[in-house]
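Below, each chain spelled out in residue letters.
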Amino acid sequence: MNNLMGYLQTEDKVLLYCVYYMPMHLYSSYHIYTKHLLPYMKEKIVFIDFGCGPLTSGIAFWATSSHTNITYIGIDRSEAMLKKAKDINRNGLFQDTHRPFFEKEHFLTDFVQLPPYLERVEIGNPNNALIILNFCYILASHTFDDNEKLDSLIGVINRVVNEYEKYKICFVYQNPVRTEFQENWCYLKSWVIRPNSIFALSGFSDQDSTKKERLRYETILGEMHFTIVSYDSFNNFSFKNNSD
């Protein structure tokens, strides 16, 4: 497979992802959002999708939420993935109506662009808005084999939490279960819950440990497959509920 991938054009690799991985990631994301986010949906939602690919988590979240007031921000370094995400969003679920999944959508090629970009996005009132930081399989990427890149991501998250510390904020994570894939998440999370950090002062705490779950999903060919995913979520809801 690795030898084959070396001969494929970037657009072909995107299509292979859509056929092989997208159904699995769609179902696992939908399962986790339903389990962790449904009780906390707010009137206004800003969904920030790190490593958005072809809108996989975006579609899963759209299916989970009954809200229409969602601002979707997809971040992916692959221009081909972003192009596919834009095409899928524009076509929406029902191509005859041409209604997109998200009317308010934004796409960025680098997560360092996020803090200044958010200044131009209408977030809403802290009392009725929820900011979701989504990490679906992105932390297994070779991008973060470089510790400096991971530290840069943590710096960006730090800036976002610092700027919007009055808002309800939720982190959602999933990855394959292999131990080495969890190291980046554990490192990132250790910064979020570290005592006296901006995250801790904003109400975050170690509310959940990373868990594993076996899920059943249907492939594009209609076959039933199983996958095991590691997932996690934590937020500042308890702190905010006690201080409202």
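The coordinates are above.
The notes below deal with the structure included here. Keep in mind it's a predicted model, so treat the numbers as computed, not measured.

**Focus: the environment of Phe111**
Argument step 1. Inspection of the secondary structure assignment puts Phe111 in the loop between strand S3 (104-108) and helix H6 (114-118).
Argument step 2. Between the C-alpha atoms of Phe111 and Asp76, which are 35 residues apart in sequence, the distance is 7.9 Å.
Argument step 3. Discounting residues that sit within four places of it in the chain, Phe111 has contacts with Phe50, Ile75, Phe144, Lys149, Ser152, Leu153 and Val156.

**Digging into the packing of aromatic side chains**
Argument step 1. Throughout the structure, instances matching the rule amount to 17 aromatic pairs.
Argument step 2. Seen in terms of ring centroids, Phe47 and Tyr72 are 6.0 Å apart; in terms of plane orientation they differ by 15°. Their pairing is stacked. In this pair, Phe47 sits in strand S1 (residues 44-50) while Tyr72 sits in strand S2 (residues 70-75), placing the two residues 25 residues apart along the sequence. Accessibility assignment for this pair places Phe47 and Tyr72 in one class, buried.
Argument step 3. When the ring of Tyr72 is compared with that of Phe102, the centres are 4.9 Å apart and the planes differ by 10°; the resulting orientation is stacked. One end of the pair, Tyr72, is in strand S2; the other, Phe102, is in the loop between helix H5 (79-91) and S3, with 30 residues separating them in the sequence. This pair shows no difference in class: Tyr72 is buried, exactly as Phe102 is.
Argument step 4. An aromatic cluster of three or more residues is present, and its members are Tyr33, Phe47, Phe61, Tyr72, Phe102 and Phe107.
Argument step 5. Across the ring face of Phe226, the terminal group of Arg214 is positioned such that the distance to the ring centre comes to 4.0 Å.

**With respect to the side chain of Asn175**
Argument step 1. Tracing the chain through its elements places Asn175 in strand S5 (residues 168-176).
Argument step 2. Here Tyr173 takes part through its side chain, which lies 3.3 Å from a polar atom of the side chain of Asn175.
Argument step 3. In terms of polar contacts, Asn175 uses its side chain to reach the backbone carbonyl oxygen of Phe181, at 3.1 Å.
Argument step 4. Once residues within four sequence positions are removed from consideration, Asn175 is found in contact with Tyr137, Leu139, Ala140, Phe181, Gln182, Val229 and Ser230.

**A closer look at the side chain of Lys44**
Argument step 1. One can find Lys44 in strand S1.
Argument step 2. Within the local environment of Lys44, its side chain forms a polar contact with the backbone oxygen of Glu122, the two atoms lying 3.2 Å apart.
Argument step 3. Apart from the residues lying within four places of it in its own chain, the contact partners of Lys44 are Asn69, Thr71, Lys104, Glu122, Ile123, Gly124, Asn128, Ala129 and Leu130.

**A closer look at the packing of helix H2 (residues 10-20) against H5**
Argument step 1. Packing of H2 against H5 leaves a shortest axis separation of 9 Å and a crossing angle of 55°. One finds that H2 runs oblique with respect to H5. Regarding H2 and H5, the two cross each other, and that crossing is right-handed. Every residue of H5 that contacts H2 at Thr10, Val14, Leu15, Tyr17 and Cys18 is listed here: Ala80, Met81 and Lys84.
Argument step 2. Of the residues in the contact of H2 with H5, the class split is six nonpolar, one polar and one charged.

**What to know about the nonpolar core**
Argument step 1. Membership of the largest hydrophobic core comes to 35 residues, with the highest contact counts inside it found for Ile48, Phe50, Leu114, Phe135, Leu153 and Phe171.
Argument step 2. Contributions of two or more residues to this core are made by S1, S2, H6, strand S4 (129-136), helix H7 (147-163), S5 and helix H8 (179-192).
Argument step 3. If one sorts the elements of this core by residue count, H7 sits on top with seven residues.
Argument step 4. Counting residues in hydrophobic clusters, the runner-up holds 31 residues, among them Tyr72, Met81, Phe102 and Val172.

**A word on the pairing of S2**
Argument step 1. Buried residues dominate S2, accounting for six of its six residues.
Argument step 2. Side chains of S2 alternate between two faces, with Ile70, Tyr72 and Gly74 and Thr71, Ile73 and Ile75 buried alike.
Argument step 3. Pairing of S1 with S2 involves six bridges; the strand directions are parallel. Bridged to Ile45 within S2 is Ile70.
Argument step 4. Of the crossover connections in this fold, the one passing from S1 over helix H4 (residues 56-64) to the parallel S2 is right-handed.
Argument step 5. Pairing geometry for S2 and S3, over five bridges, is parallel.

Definitions and cut-offs
- Residues numbered from 1 in each chain as written.
- Predicted model: local features only at pLDDT ≥ 70, side-chain atom pairs only at ≥ 80, totals over all residues.
- Heavy atoms only, no water.
- Helix = DSSP H or I, 4+ residues; strand = E, 2+ residues; numbered from the N terminus.
- Contact = heavy atoms within 4.5 Å.
- Phe/Tyr/Trp six-rings, centres within 6.5 Å; stacked < 30°, edge-to-face > 60°.
- Buried < 20%, exposed > 50% of the residue type's maximum accessible area, 1.4 Å probe, protein only.
- Lys NZ or Arg CZ within 6 Å of the ring centre and 35° of its normal.
- Polar contact = N/O pair within 3.5 Å; in protein donor to acceptor, adjacent residues only side chain to side chain.
- Axes fitted to C-alpha atoms, helices over the stretch in contact; angles between N-to-C directions.
- Parallel < 35°, antiparallel > 145°, perpendicular 65-115°, else oblique.
- Left-handed = near helix turned anticlockwise from the far one by under 90°.
- Nonpolar A, V, L, I, M, F, W, Y, C, P; charged D, E, K, R; others polar.
- Core = buried A, V, L, I, M, F, W, Y, C linked by side-chain atoms within 4.5 Å.
- Pairing = 2+ DSSP bridges.
- Right-handed = clockwise from strand over helix to strand, strands pointing away.

All quantities given are derived from atomic positions and should not be read as evidence of function.
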